[in-house]
Amino acid sequence: MRLKLTLLFAAAALLTGCVKNELPLFDEPFVYLETSTGSDNAVVGADMRATVTYYIAISCPAFTEPVGVNFTVTCGDGLAEGVDYEVVTPGNTVSFLPGIWRMPVRIQWKDHAIDESKDNTVTIALTGTSTGTFTLGYPGPAARGSKLVITKKNL
(Lines give C-alpha, C1' and ligand atoms only; values in the text may rest on other atoms or scores of the structure.)
Protein backbone atom coordinates (compact mmCIF):
# COMPACT_ATOMS: atom_id res chain seq x y z
CA MET A 1 0.00 0.00 0.00
CA ARG A 2 2.82 2.38 0.93
CA LEU A 3 4.57 1.66 -2.39
CA LYS A 4 1.38 2.40 -4.35
CA LEU A 5 0.97 5.77 -2.60
CA THR A 6 4.60 6.66 -3.23
CA LEU A 7 4.25 5.81 -6.93
CA LEU A 8 1.00 7.75 -7.17
CA PHE A 9 2.56 10.89 -5.66
CA ALA A 10 5.65 10.55 -7.88
CA ALA A 11 3.48 10.23 -11.00
CA ALA A 12 1.39 13.25 -10.00
CA ALA A 13 4.51 15.34 -9.40
CA LEU A 14 5.99 14.29 -12.74
CA LEU A 15 2.81 15.05 -14.68
CA THR A 16 2.23 18.46 -13.12
CA GLY A 17 5.79 19.49 -13.93
CA CYS A 18 5.38 18.75 -17.65
CA VAL A 19 2.53 21.06 -18.60
CA LYS A 20 3.38 22.45 -22.04
CA ASN A 21 0.87 25.34 -22.07
CA GLU A 22 2.24 27.17 -19.08
CA LEU A 23 2.46 30.95 -19.44
CA PRO A 24 5.95 32.39 -19.09
CA LEU A 25 6.70 34.32 -15.93
CA PHE A 26 8.02 37.84 -16.41
CA ASP A 27 10.08 39.51 -13.73
CA GLU A 28 9.99 43.00 -15.24
CA PRO A 29 7.05 45.44 -15.23
CA PHE A 30 5.28 45.91 -18.56
CA VAL A 31 2.18 47.42 -20.15
CA TYR A 32 0.27 45.91 -23.05
CA LEU A 33 -2.79 46.34 -25.26
CA GLU A 34 -5.59 43.82 -25.68
CA THR A 35 -9.22 43.37 -26.63
CA SER A 36 -11.85 42.25 -24.12
CA THR A 37 -11.04 38.66 -25.17
CA GLY A 38 -7.29 39.07 -24.67
CA SER A 39 -6.31 39.30 -28.35
CA ASP A 40 -3.91 41.86 -29.82
CA ASN A 41 -5.90 42.26 -33.05
CA ALA A 42 -9.57 42.67 -33.92
CA VAL A 43 -12.01 42.95 -36.82
CA VAL A 44 -15.06 45.23 -37.03
CA GLY A 45 -17.71 45.38 -39.72
CA ALA A 46 -17.85 48.34 -42.10
CA ASP A 47 -21.53 48.77 -41.19
CA MET A 48 -20.90 48.70 -37.44
CA ARG A 49 -22.36 51.47 -35.27
CA ALA A 50 -21.08 50.86 -31.78
CA THR A 51 -18.55 52.00 -29.24
CA VAL A 52 -15.99 49.27 -28.58
CA THR A 53 -13.65 49.19 -25.60
CA TYR A 54 -10.05 48.10 -25.99
CA TYR A 55 -7.69 47.90 -23.02
CA ILE A 56 -4.28 49.00 -21.86
CA ALA A 57 -3.18 46.71 -19.04
CA ILE A 58 -0.29 46.90 -16.61
CA SER A 59 1.63 43.95 -15.20
CA CYS A 60 3.88 44.62 -12.25
CA PRO A 61 4.09 44.24 -8.51
CA ALA A 62 1.94 46.64 -6.52
CA PHE A 63 2.81 50.30 -7.12
CA THR A 64 2.14 53.31 -4.90
CA GLU A 65 2.30 56.23 -7.35
CA PRO A 66 0.13 56.79 -10.44
CA VAL A 67 1.58 55.48 -13.72
CA GLY A 68 0.76 57.30 -16.96
CA VAL A 69 0.78 55.33 -20.21
CA ASN A 70 0.95 57.22 -23.51
CA PHE A 71 -0.54 55.88 -26.72
CA THR A 72 -1.29 56.93 -30.29
CA VAL A 73 -4.17 56.04 -32.57
CA THR A 74 -3.41 56.03 -36.30
CA CYS A 75 -5.30 54.78 -39.32
CA GLY A 76 -4.44 53.43 -42.73
CA ASP A 77 -5.17 55.29 -45.97
CA GLY A 78 -8.60 53.64 -46.33
CA LEU A 79 -10.10 55.15 -43.16
CA ALA A 80 -10.65 58.64 -41.81
CA GLU A 81 -11.28 59.73 -38.25
CA GLY A 82 -14.72 61.32 -37.94
CA VAL A 83 -15.98 59.38 -40.95
CA ASP A 84 -15.20 55.71 -40.18
CA TYR A 85 -14.46 55.93 -36.46
CA GLU A 86 -13.95 58.36 -33.61
CA VAL A 87 -11.69 57.95 -30.59
CA VAL A 88 -13.94 58.54 -27.57
CA THR A 89 -11.19 58.36 -24.94
CA PRO A 90 -9.89 61.92 -24.49
CA GLY A 91 -6.21 62.67 -24.95
CA ASN A 92 -3.44 60.19 -25.52
CA THR A 93 -2.61 59.15 -21.95
CA VAL A 94 -4.34 56.89 -19.43
CA SER A 95 -3.42 57.02 -15.75
CA PHE A 96 -3.21 53.93 -13.60
CA LEU A 97 -3.86 54.67 -9.96
CA PRO A 98 -2.56 52.17 -7.40
CA GLY A 99 -4.73 49.04 -7.49
CA ILE A 100 -5.96 49.64 -11.08
CA TRP A 101 -4.57 47.15 -13.59
CA ARG A 102 -6.59 47.81 -16.76
CA MET A 103 -7.75 51.06 -18.40
CA PRO A 104 -10.07 51.50 -21.39
CA VAL A 105 -9.48 53.08 -24.78
CA ARG A 106 -12.85 53.48 -26.50
CA ILE A 107 -13.48 53.83 -30.22
CA GLN A 108 -16.88 54.62 -31.70
CA TRP A 109 -17.24 52.85 -35.03
CA LYS A 110 -19.36 54.48 -37.73
CA ASP A 111 -21.31 52.87 -40.56
CA HIS A 112 -19.35 53.86 -43.65
CA ALA A 113 -18.46 51.99 -46.84
CA ILE A 114 -14.81 51.06 -47.30
CA ASP A 115 -12.55 50.45 -50.26
CA GLU A 116 -11.17 46.97 -49.66
CA SER A 117 -8.10 47.68 -51.81
CA LYS A 118 -6.86 50.19 -49.19
CA ASP A 119 -5.41 49.86 -45.71
CA ASN A 120 -8.52 49.81 -43.50
CA THR A 121 -6.81 49.47 -40.15
CA VAL A 122 -6.75 51.51 -36.98
CA THR A 123 -3.70 50.93 -34.80
CA ILE A 124 -3.46 51.78 -31.14
CA ALA A 125 0.24 51.81 -30.17
CA LEU A 126 1.92 52.30 -26.81
CA THR A 127 4.52 55.09 -26.93
CA GLY A 128 5.81 55.46 -23.37
CA THR A 129 5.14 55.58 -19.66
CA SER A 130 5.57 58.26 -17.04
CA THR A 131 8.13 56.17 -15.22
CA GLY A 132 10.40 54.69 -17.88
CA THR A 133 10.69 51.41 -15.92
CA PHE A 134 7.96 49.64 -17.91
CA THR A 135 8.50 47.60 -21.05
CA LEU A 136 6.02 48.42 -23.83
CA GLY A 137 4.32 45.15 -24.74
CA TYR A 138 5.25 41.75 -23.39
CA PRO A 139 8.97 41.40 -22.62
CA GLY A 140 10.96 39.87 -25.44
CA PRO A 141 12.06 40.79 -28.94
CA ALA A 142 8.56 40.48 -30.49
CA ALA A 143 7.09 43.11 -28.10
CA ARG A 144 3.69 41.46 -28.55
CA GLY A 145 0.94 43.65 -27.15
CA SER A 146 2.76 46.94 -27.80
CA LYS A 147 0.17 47.66 -30.47
CA LEU A 148 -3.37 46.62 -31.25
CA VAL A 149 -4.47 46.46 -34.89
CA ILE A 150 -8.19 46.74 -35.66
CA THR A 151 -9.27 45.99 -39.24
CA LYS A 152 -12.52 47.37 -40.63
CA LYS A 153 -14.02 44.94 -43.19
CA ASN A 154 -17.14 44.28 -45.19
CA LEU A 155 -18.51 41.26 -43.34
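Higher on the page you've got the structure.
No experiment lies behind these values; they were computed from the predicted model shown.

(A) Molecular detail of the packing of aromatic side chains. In the structure shown here, the tally under the stated rule is five aromatic pairs. Both rings, one in phenylalanine 30 and one in tyrosine 138, keep their centres 5.2 Å apart while their planes meet at 45°; by these two values the pair is tilted. With phenylalanine 30 in strand E1 (residues 30-34) and tyrosine 138 in the loop between strand E9 (135-136) and strand E10 (147-153), this pair connects stretches of sequence that are 108 residues apart. One aromatic cluster in this structure is built from Phe30, Tyr32 and Tyr138. Over the ring of tyrosine 55 we find arginine 102; its NZ or CZ atom is 3.6 Å from the centre of that ring.

(B) How the structure looks around the nonpolar core. Counting residues in each nonpolar core, the largest one holds 29 residues, and the members touching the most others are Tyr54, Ile56, Trp109, Ile124 and Ile150. Tallying contributions element by element places strand E3 (residues 50-59) first for this core, with four residues. Discounting chain neighbours no more than four positions away, the residues touching tryptophan 109 are Val44, Met48, Arg49, Ala50, Val52, Tyr54, Asp84, Tyr85, Val122, Ile150 and Lys152.

(C) Looking closely at the sheet that holds strand E8 (residues 121-129). Strand order in the open sheet formed by five strands is E2-E10-E8-E4-E6, and the pairing between neighbours is mixed. The open sheet has two edge strands with one neighbour each: strand E2 (41-45) and strand E6 (93-96). Across this sheet, the average inter-strand angle for adjacent strands is 25°, counted without regard to direction. Bridge count for E8 against E10 is five bridges, and the pairing is antiparallel. When the sheet's bridge partners are listed, threonine 121 is paired in E10 with threonine 151.

The rules we used
- Residues numbered from 1 in each chain as written.
- Predicted model: local features only at pLDDT ≥ 70, side-chain atom pairs only at ≥ 80, totals over all residues.
- Heavy atoms only, no water.
- Phe/Tyr/Trp six-rings, centres within 6.5 Å; stacked < 30°, edge-to-face > 60°.
- Helix = DSSP H or I, 4+ residues; strand = E, 2+ residues; numbered from the N terminus.
- Lys NZ or Arg CZ within 6 Å of the ring centre and 35° of its normal.
- Core = buried A, V, L, I, M, F, W, Y, C linked by side-chain atoms within 4.5 Å.
- Buried < 20%, exposed > 50% of the residue type's maximum accessible area, 1.4 Å probe, protein only.
- Contact = heavy atoms within 4.5 Å.
- Pairing = 2+ DSSP bridges.
- Axes fitted to C-alpha atoms, helices over the stretch in contact; angles between N-to-C directions.

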